[in-house]
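Listed here are the chains, written in short residue letters.
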4 protein chains.
Amino acid sequence: MNLSTHAFSQIVKHYKVVFFDAYGVLKNSRGIISGVAETLLWLTRAGHDIYVVTNDASKSPDAMTQSYVHPEYGSLLSASRIISSGLLAKDFLRSKVRTGRVAYLGKPGSAFYIKSAGLEALPVGSVTPADGVSALVMLDDEGFDWFGDLNRALNLIRSTNIPVVVANTDISYPVSGNEIAVAVGGLASMMEMVLGRRFIRFGKPDTMMFSYAFACACANDPSVAKSDVLMVGDTLTTDIYGANAFGIDTALVLSGNTSASSAEVQISASGIVPTYVCESILT
Amino acid sequence: MNLSTHAFSQIVKHYKVVFFDAYGVLKNSRGIISGVAETLLWLTRAGHDIYVVTNDASKSPDAMTQSYVHPEYGSLLSASRIISSGLLAKDFLRSKVRTGRVAYLGKPGSAFYIKSAGLEALPVGSVTPADGVSALVMLDDEGFDWFGDLNRALNLIRSTNIPVVVANTDISYPVSGNEIAVAVGGLASMMEMVLGRRFIRFGKPDTMMFSYAFACACANDPSVAKSDVLMVGDTLTTDIYGANAFGIDTALVLSGNTSASSAEVQISASGIVPTYVCESILT
Amino acid sequence: MNLSTHAFSQIVKHYKVVFFDAYGVLKNSRGIISGVAETLLWLTRAGHDIYVVTNDASKSPDAMTQSYVHPEYGSLLSASRIISSGLLAKDFLRSKVRTGRVAYLGKPGSAFYIKSAGLEALPVGSVTPADGVSALVMLDDEGFDWFGDLNRALNLIRSTNIPVVVANTDISYPVSGNEIAVAVGGLASMMEMVLGRRFIRFGKPDTMMFSYAFACACANDPSVAKSDVLMVGDTLTTDIYGANAFGIDTALVLSGNTSASSAEVQISASGIVPTYVCESILT
Amino acid sequence: MNLSTHAFSQIVKHYKVVFFDAYGVLKNSRGIISGVAETLLWLTRAGHDIYVVTNDASKSPDAMTQSYVHPEYGSLLSASRIISSGLLAKDFLRSKVRTGRVAYLGKPGSAFYIKSAGLEALPVGSVTPADGVSALVMLDDEGFDWFGDLNRALNLIRSTNIPVVVANTDISYPVSGNEIAVAVGGLASMMEMVLGRRFIRFGKPDTMMFSYAFACACANDPSVAKSDVLMVGDTLTTDIYGANAFGIDTALVLSGNTSASSAEVQISASGIVPTYVCESILT
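Below: a short report on this structure. (Residues numbered from 1 in each chain as written. Chains lettered and ligands numbered in written order. Predicted model: local features only at pLDDT ≥ 70, side-chain atom pairs only at ≥ 80, totals over all residues. Heavy atoms only, no water.)

## Some points on the packing of aromatic side chains
So, point 1. All told, the structure shown has 32 aromatic pairs over all chains when counted by the stated rule.
So, point 2. Ring centres of Phe147 of chain A and Trp146 of chain C lie 5.1 Å apart, and the angle between their planes is 85°; on these two criteria the pair is classed as edge-to-face. Here Trp146 of chain C lies in helix H6 (residues 146–159) and Phe147 of chain A lies in helix H6 (residues 146–159), a pairing that spans two chains.
So, point 3. Accessibility expressed as a relative area gives 28% for Phe147 of chain A, which makes it partly exposed.
So, point 4. Centroid distance Phe214 of chain B to Phe246 of chain B: 5.8 Å. Interplanar angle 70°. Geometry classified as edge-to-face. (Phe/Tyr/Trp six-rings, centres within 6.5 Å; stacked < 30°, edge-to-face > 60°. Helix = DSSP H or I, 4+ residues; strand = E, 2+ residues; numbered from the N terminus. Buried < 20%, exposed > 50% of the residue type's maximum accessible area, 1.4 Å probe, protein only.)

Put into structure tokens, the structure is as follows:
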């Protein structure tokens, strides 16, 4: 392929609605990327409807908006613009579990998605057989003891046949410097392998994420069609693959997971081809 | 779990919309199951909106309706009620490929999904480098020479980076008696393994199938909510898993893939739990 | 198949050499199984050459012999009769790493296999870049902090290209009651998935375990042929699969992982067929 | 890593025994590589014991020697120096199946490995239930009709619980130009996925191949130790990974599967590190 890059400011003009991945596009390990605040303000003023579509169930959309507060410009995004994989897990719990207690793995803040579905949230470490939990939700890789609580969760699943929901499909995530860490989706894959079972997963690249965000955009403006939407992401296998399958246009940015030097090789090896490649959303 | 079965006629009353899997629910290797015609007529007269949600891209929805013509009652289902995985592939081709020639593996009839997206369909066996094809679509396991054309498709994919679309996720399907055959999804998995690539797949259990059918039901009656929809299927890992993830109620029938004797073991081993279990849709 | 069981005492007569799996055959969560001591003594007196072939790198063969000390009869097995997956890892380190420092995950006792290869063993938690470690060995699931040390190990592997050795292929193991726990092989699979790399693994069902034990038996009696050896195990996918592939006869015992009620189903579903099925080695 | 290449003629001096992969090292799609004949003659005259260790069950070792006949120098290798994965399958059949009829997929010439185990070989296409076959052996990707015979083999396995042996683990192989084809190991993986079963596989990277060749070398010269053996191959994931796990030294050559430009990236990404890298065996 011909890896010519486009200026983001030029291509975005053709789209009414823009979906952004968070990490590697808007933020990095030091917080919001310098210049992104101005881009978001400019897009909003120019009439674009913008959403963050993120594999994250570690905190509520309200809490996530804190990352998008600028010292000068104030809040850049409202909670209704943040479509997290946790919201899909919440909908599932509300429609399929309905009442009772739900065990979870994650930080206390991540239990928001269980409580807002009208259910009682119990950390796996405190569950007893008498609790009669109706589901297990894997929300985050932090906030519990891996050795004790992963083994406890394994045996809880084996001794009941409650559904297991994974609210973030990512298997790893970047931390500071060049380092990575195992994400809750990676822990879930290990448990599926041990149990010979398949859990219910929410998150990119599954198209439900894009379907949910698209429904929000349509509720806002019923004239929106798929051809009016652009997904902007830094990862071929989640952002670009999923948005391609959903049928919307895609821009791969080189400000995160995929470096300029490896983009061409990765696109060619994976066969996952974005509509555009941009250096970043600042161009 | 307590595997008590329900009468289908009793539970279906609570749902405005019913999604049916085709094979093992409405049909078997000898054609439409005896008694199903009467059930479909009764459901329609009682005001239920019914859809067939099927992993099948071997022929067009129009051609599929031929299976649902009764000698006495005539046509039981119109083409607009048949939601096939081929339709999702067609939408993808229309939105992401747009123009040009597309190579395919399948029977000539399956090329309907390419042509109706406004594209030119070429069997893999007749593609030359000069054709400059823009995508490869795997539609069916029949209609081509496996040895020659699968190897030809492999090298076509390696020498270009065209997207590969798999219009049926099933890895096997039942044929007469107790026998099975490799489905196009199984052939696709082998090719993905050899290439180290991931193709774009359409079909249950992916929730796009349910999303598409739900959008049709909503277009018909905007008051429909997910809680008004029942998915009826014979396979836990596709029909029930996918509909659970999409957030609608499910009925497992024991007239196909899952026998009464194995249902309890399979539900418990897989953790995929249907809302109801019914002997068949005739009860 | 015809799941007729055989008396172990009758079939063992035909074999000069007997390989035993440890857990579920000789031991369970309460220690050595009642009656096993007498069987081992009887076999030894009758001239059978016996070995324990075990996926275990949590302690040295010497330490493992402590499990086989009977209050009345004394030591039932010498360390030379215990063939652990740790020994294969040790041989690998000695032949391929040779000198320097090796990082490990496991209990301090498991570091025996590194030290006895003439290398310096460092727990992953204490490794610094300045240590210049030449390999990472995954020995046991205990003795370290999963969250901190698994993530640390991931980044150690990414920043070097040292070989990673997994000294126990098991993905889970039984603990008290009906409970299980993730084994070091399960943790290794998660790390391989995150890294997109394949580690070097030692343990059943890989045939190297049987090859190593067979070489010991041949060193003891050069007239021994493969047809003189019987592998006795409780797990189809490790003990029986591996010994089948190595070309020796196999007896599945129903005293551990595989219950009498599920044996026939499991054999038929897996296609892994033992030469004999015995209730236990006490029959 | 520092990808400095070594002259093969210099490093080979340190090894009494040399194992060669065939394709990409000694041969390519046009036959024996120019200059290889002289190298093999020189090595033999210098007293090195040489073996070809190859994933190939398409023809007998005798037939394979025909590839190593030089117009001037005559036969370069005797059949006893060719260690094929077919030989391991033959040993398995002899020790575990013993008598009766065995179904196979492959060319008629590949049935050598069944017949030389004293068994009757029937092509899958001609097997009837009355034949009562005792095993199925997958030998080669050619010589049968993929569609008809792979589906026939699937149902033969489902209706019996005969062992299935795969005599070549490769999932693809190079053909002329830059093209590849699915190998019998790839077909086997598809069938395992459809059936939910694991077949018995013989071939690199499994260490049994190296163990078998090492036993031949030891029979020839009982003083040989693992440190006297060098494996020379062009593929990291089979030749180098397997020989590393077996504990012998390795030389990656850049005359086949792994190009000079990609070797460093592949070694670093896979963590599979050869002892040496050589341009070819002609250096």
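## Examining the sheet that holds strand E17 (residues 276–278) of chain B
All names here are of chain B.
So, point 1. Within the open sheet, the six strands sit side by side as E7-E4-E1-E15-E16-E17. Their pairing is parallel. Among the strands making up the open sheet, the edge pair consists of strand E7 (82–84) and E17. The sheet shows a mean angle of 25° between the axes of neighbouring strands, taken without regard to direction.
So, point 2. The sheet contact formed by strand E1 (residues 17–20) and strand E15 (residues 229–233) spans four bridges and is parallel. What sits directly across from Val17, in E15, is Val229.
So, point 3. Taken strand by strand, helix H8 (residues 208–220) contacts E1, strand E4 (49–54), E7 and E15, and its axis lies near 160° from that of E4. (Pairing = 2+ DSSP bridges. Axes fitted to C-alpha atoms, helices over the stretch in contact; angles between N-to-C directions. Contact = heavy atoms within 4.5 Å.)

## Concerning the environment of Asn55 of chain C
All names here are of chain C.
So, point 1. Counting through the fold element by element, Asn55 comes out in the loop between strand E4 (49–54) and helix H3 (61–65).
So, point 2. Considered as a pair, Asn55 and Gly185 are 130 residues apart in the sequence and their alpha carbons are 10.0 Å apart.
So, point 3. Look past the residues within four positions of Asn55 in its chain and what remains in contact with it is Ser85, Asn168, Thr169, Asp170, Gly203, Lys204 and Met209.
So, point 4. Among the polar contacts listed, one links the side chain of Asn55 to the side chain of Thr169, at a separation of 3.0 Å.
So, point 5. Within the structure, Asn55 has its side chain in polar contact with the backbone nitrogen of Lys204 (distance 2.7 Å). (Polar contact = N/O pair within 3.5 Å; in protein donor to acceptor, adjacent residues only side chain to side chain.)

## Structural notes on the packing of helix H6 (residues 146–159) of chain D against helix H7 (residues 184–195) of chain D
Residue and element names in this part refer to chain D.
So, point 1. Two numbers describe how H6 lies on H7: the axes approach to 11 Å, and their chain directions differ by 45°. Accordingly, the angle class assigned to the pair H6 and H7 is oblique. By crossing handedness, the relation of H6 to H7 is classed as right-handed. Together, Trp146, Leu150, Ala153, Leu154, Ile157 and Arg158 of H6 and Leu187, Met190, Met191, Val194 and Leu195 of H7 make up the contact between the two elements. (Parallel < 35°, antiparallel > 145°, perpendicular 65-115°, else oblique. Left-handed = near helix turned anticlockwise from the far one by under 90°.)

Purely geometric numbers; function is a separate question.
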